[in-house]
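Here are the chains, one letter per residue:
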Amino acid sequence: MNLPLKNNDSAELKALDLAHHLPAQADYALLEQLGGSRIITHAEGCVITDIDGKSLLDGMAGLWCVNVGYGRSELAEAAYKQMLELPYYNTFFKTATAPAVRLAAKIAEKMVLSNPDLKHVFFNSSGSEANDTVFRLVRHYWTLKGEPDRQVFISRRNAYHGSTVAGASLGGMTFMHAQGGLPIPGIEHVRQPYLFGEGFGQDPDAFADACVQDIEDRILSVGPDKVAAFIGEPVQGAGGVVIPPQSYWPKVEALCRKYGILLICDEVICGFGRLGQWFGHQHYGVKPDIIAMAKGLSSGYLPISAVGVSSHIVEVLKTGGDFVHGYTYSGHPAACAVALANIGIIEREGLIERTREVTGPYLATALTRLDGHPLVGEARSIGLLGAVEIVSEKGTNLRFKGAEGHAGPVVRDICIKNGLMVRGIRDTIVMCPPLIITEAEIDRIVDILEASLNEAEPVL
Ligand code: PLP
């Protein structure tokens, strides 16, 4: 197809989309039935607008990333200025750029708040790439340290660590493993701390103990001297906003220390204020050796990710010559300049404190309005991450038979029709609004959710 582009003509763009574009994580046959993707043309604050003029309150901050909201000309100006000055240079040739160095120092300033040893930064462009970096760096570290048998990563079922070969393998999503012969060897998946789904009715601390016991059992069956690291999202995002019992992470940390295993937190969603702290692990009071971050680092305005690495690991890397790993766009100056400006906005506007003290608690209270709804098994949140579990029988965690796993997408589609962008993950609706969201907008999210659940009831 070679249609000349008119000024954002809806039918034309949808036809071109179907003819040429393969969107991410999509069912291409279904897209064809639907007549092409919804084309988003502009956005402001917490509202996105599509090519047909429909506006949606963005309850997902794009894809868990637009923390400072849309329409920040300051970020566009930071990119523009940097592109005029130095649009690109690499960090391969014993070279660096000012924005990369300054951003590394800025990230370190936030990481040392909870762990003084966590102060080095390696740049990449996506969360998946960050986890690939983690994977290679950790295995290299143990080899240099004289324990080359420590190669095994322990992760959780239903975790999400990205879409690359290492990222999807570290992740615990079996439907992703089914495509491409994954996971790669050396990755073990253990229980997830999903109280509603897998420990319904249990005491949260006893459930956390059982999950941690599963990790210890796996360490012992693999052999403690073969385990390199444990990796987990402080709160599992794409798994359905799985908020662990408060005692879970400190116990996981103690276990890692007991067996000398590295503790890695994937902060790709939880970082940069989502849980009301700079990083999610700071909410749980643990000190990871390594963290991965992306998304909120630049609020999605340009692609960038980073891996935070502790000094004790860097000291070992220094004994091994070149760390032969890196990307053309590691430390991309325009992306770094945007991330610096983005962090500046988060600081200046107090978005983390606001999430912790105002909007996070407000969302939690607003969601309690759904507690009495016949379809709602649980409505939970932490900071500005929320989830609503859809059940077939009130007071249980039973799902709709025949439609198991589909209630989320059904309710999501109704929410979208009603003007709210949320995500449906199996039988769970998840939300992750920009950190600038107002109390009135939170009320609107919950109002639309409630109306949409009412509308879904007869069709589920
Ligand atoms: N890790 C976590 C926790 C994520 O949620 C994601 C993406 O949603 C990733 C890694 C992968 O990031 P990206 O899509 O930028 O590769």
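Nothing here was measured: the structure is a model prediction, and the numbers come from that model.

Asks: What exactly am I supposed to notice about the pairing of strand 7 (residues 227–232) here?
Replies: It is a general feature of regular strands that their side chains alternate between the two faces of the sheet. Within strand 7, 6 of the 6 residues are buried, which leaves the element mostly enclosed by the surrounding structure. Here 3 bridges tie strand 5 (residues 152–156) to strand 7, and the two strands are oriented parallel to one another. Opposite Phe 153, over in strand 7, you have Ala 229 as the bridge partner. Bridge count for strand 7 against strand 8 (residues 262–266) is 4 bridges, and the pairing is parallel. Looking at strand 8, one finds that Gly 232 is bridged to Cys 265. Handedness of the β-α-β unit built from strand 7, helix 11 (residues 248–259) and strand 8 comes out right-handed.

Asks: Honestly, the packing of aromatic side chains in this entry has me stumped. Any pointers?
Replies: In the structure shown here, the tally under the stated rule is 11 aromatic pairs. Seen from their ring centres, Tyr 88 and Tyr 89 are 6.4 Å apart, and the 45 degrees between their planes marks the pair as tilted. Residue Tyr 88 is classed as partly exposed on the basis of its relative accessible area of 29%. Taken together, a centroid distance of 4.9 Å and an interplanar angle of 70 degrees make the contact between Tyr 141 and Trp 142 edge-to-face. Judged by relative accessible area, which is 3%, Tyr 141 ranks as buried.

Asks: Just to check I follow, could you spell out the pattern of salt bridges for this structure?
Replies: If the charged atoms of two oppositely charged side chains come close together, the side chains can form a pair. Evaluated as defined, the whole model comprises 26 salt bridges. Note that Lys 14 and Asp 52 form a salt bridge whose closest N and O atoms lie 3.0 Å from each other. Of the two residues, Lys 14 sits in helix 1 (residues 10–20) while Asp 52 sits in the loop between strand 2 (47–50) and strand 3 (55–58), which places them 38 residues apart along the sequence. On the accessibility criterion, Lys 14 (19% relative accessible area) is buried. Across the pair Glu 378 and Arg 380 runs a salt bridge whose closest N-O atoms are separated by 2.7 Å. One connected set of salt bridges, linked through shared partners, spans Glu 378, Arg 380, Glu 389, Arg 399 and Asp 427.

Asks: Explain the sheet that holds strand 3 to me, please; I cannot follow it from the model alone.
Replies: Whether parallel or antiparallel, the strands of a sheet pair through hydrogen bonds between backbone atoms. Reading across from one edge, 1-2-3-13 is the order of the 4 strands in this open sheet, with mixed pairing throughout. Looking at the sheet topology across the chains shown, the edges are occupied by strand 1 (40–44) and strand 13 (420–421). Bridge count for strand 2 against strand 3 is 3 bridges, and the pairing is antiparallel. Across the sheet, residue Ile 48 finds its bridge partner in strand 3, namely Leu 56.

Asks: Explanation requested: the site of the ligand in the structure shown.
Replies: Every residue near the ligand is listed here: Ser 126, Gly 127, Ser 128, Asn 131, Tyr 160, His 161, Gly 162, Glu 233, Asp 266, Val 268, Ile 269 and Lys 295. One nitrogen or oxygen atom from the main chain of Gly 127 is found 2.9 Å from an oxygen atom belonging to the ligand. Contact distances for the ligand include 2.7 Å between a nitrogen atom and a side-chain N or O atom of Asp 266. If the ligand stood free it would expose 390 Å²; the protein chains cover 84% of that surface. Counting residues per element, the shell around the ligand draws most heavily on helix 6 (residues 127–144), which supplies 3 residues. For the shell around the ligand, a count of residues per class yields 3 nonpolar, 6 polar and 3 charged.

Asks: Mind showing me how you'd approach helix 1 here?
Replies: Residues three or four positions apart in an α-helix share a direction because the helix packs 3.6 residues into each turn. Taken together, the buried positions of helix 1 are Ser 10, Glu 12, Leu 13, Lys 14, Leu 16 and Asp 17. Its side-chain oxygen 3.4 Å from the backbone nitrogen of Ala 11, Asp 9 forms the N-cap of helix 1.

Asks: Looking at this structure, how should I read helix 14 (residues 333–348)?
Replies: The first and last C-alpha atoms of helix 14 sit 22 Å apart over 16 residues, in line with the 22 Å expected at 1.5 Å per residue. When you tally the buried positions in helix 14, you get 12 out of 16 residues, the bulk of the element. Buried within helix 14 are the following residues: Pro 333, Ala 334, Ala 335, Cys 336, Ala 337, Val 338, Ala 339, Ala 341, Asn 342, Ile 343, Ile 345 and Ile 346. On the buried face of helix 14, the contacting elements are helix 4 (73–85), helix 5 (98–111), strand 4 (118–124) and helix 15 (351–367). With its phi angle positive at about 60 degrees, Gly 350 sits one or two positions after the end of helix 14.

Asks: What am I meant to see in the side chain of Thr 97 here?
Replies: In this fold, Thr 97 is placed in the loop between helix 4 and helix 5. Given the relative accessible area of 5%, Thr 97 is considered buried. Sequence-distant contacts of Thr 97, defined by excluding residues within four places in its chain, comprise Leu 86, Tyr 89, Gly 331 and Pro 333.

Asks: Whenever I open this one, a nonpolar patch on the surface confuses me. Can you help?
Replies: A cluster of nonpolar side chains, Leu 86, Tyr 89, Phe 92 and Phe 93, forms an exposed patch at the surface whose accessible area comes to about 400 Å². If you trace the backbone, Phe 92 turns up in the loop between helix 4 and helix 5.

Asks: Explain the environment of Arg 412 to me, please; I cannot follow it from the model alone.
Replies: The residue Arg 412 is located in helix 16 (residues 407–417) in this model. For the pair Arg 412 and Met 293, spaced 119 residues apart in the sequence, the C-alpha separation amounts to 27 Å. The residues contacting Arg 412, other than those within four sequence positions of it, are Val 422, Arg 423, Gly 424 and Ile 429.

Asks: Is there a simple way to explain unusual backbone geometry in this structure?
Replies: For the peptide bond that leads from Leu 182 to Pro 183, omega is 0 degrees, which places it in the cis range. Its identity is not glycine, yet Asn 158 carries a phi of approximately 70 degrees, on the positive side. Here Asn 158 shows up in the loop between strand 5 and helix 7 (165–170).

Procedures and definitions
Residues numbered from 1 in each chain as written. Predicted model: local features only at pLDDT ≥ 70, side-chain atom pairs only at ≥ 80, totals over all residues. Heavy atoms only, no water. Buried < 20%, exposed > 50% of the residue type's maximum accessible area, 1.4 Å probe, protein only. Helix = DSSP H or I, 4+ residues; strand = E, 2+ residues; numbered from the N terminus. Pairing = 2+ DSSP bridges. Right-handed = clockwise from strand over helix to strand, strands pointing away. Phe/Tyr/Trp six-rings, centres within 6.5 Å; stacked < 30°, edge-to-face > 60°. Salt bridge = Lys/Arg side-chain N within 4 Å of Asp/Glu carboxyl O. Near = heavy atom within 4 Å. Polar contact = N/O pair within 3.5 Å; in protein donor to acceptor, adjacent residues only side chain to side chain. Areas by Shrake-Rupley, 256 points an atom, 1.4 Å probe, with all protein chains shown as cover. Nonpolar A, V, L, I, M, F, W, Y, C, P; charged D, E, K, R; others polar. Expected span 1.5 Å × (residues − 1). Contact = heavy atoms within 4.5 Å. Patch = residues over 30% accessible without salt bridge, like charges linked within 9 Å, V, L, I, M, F, W, Y side chains within 5 Å.

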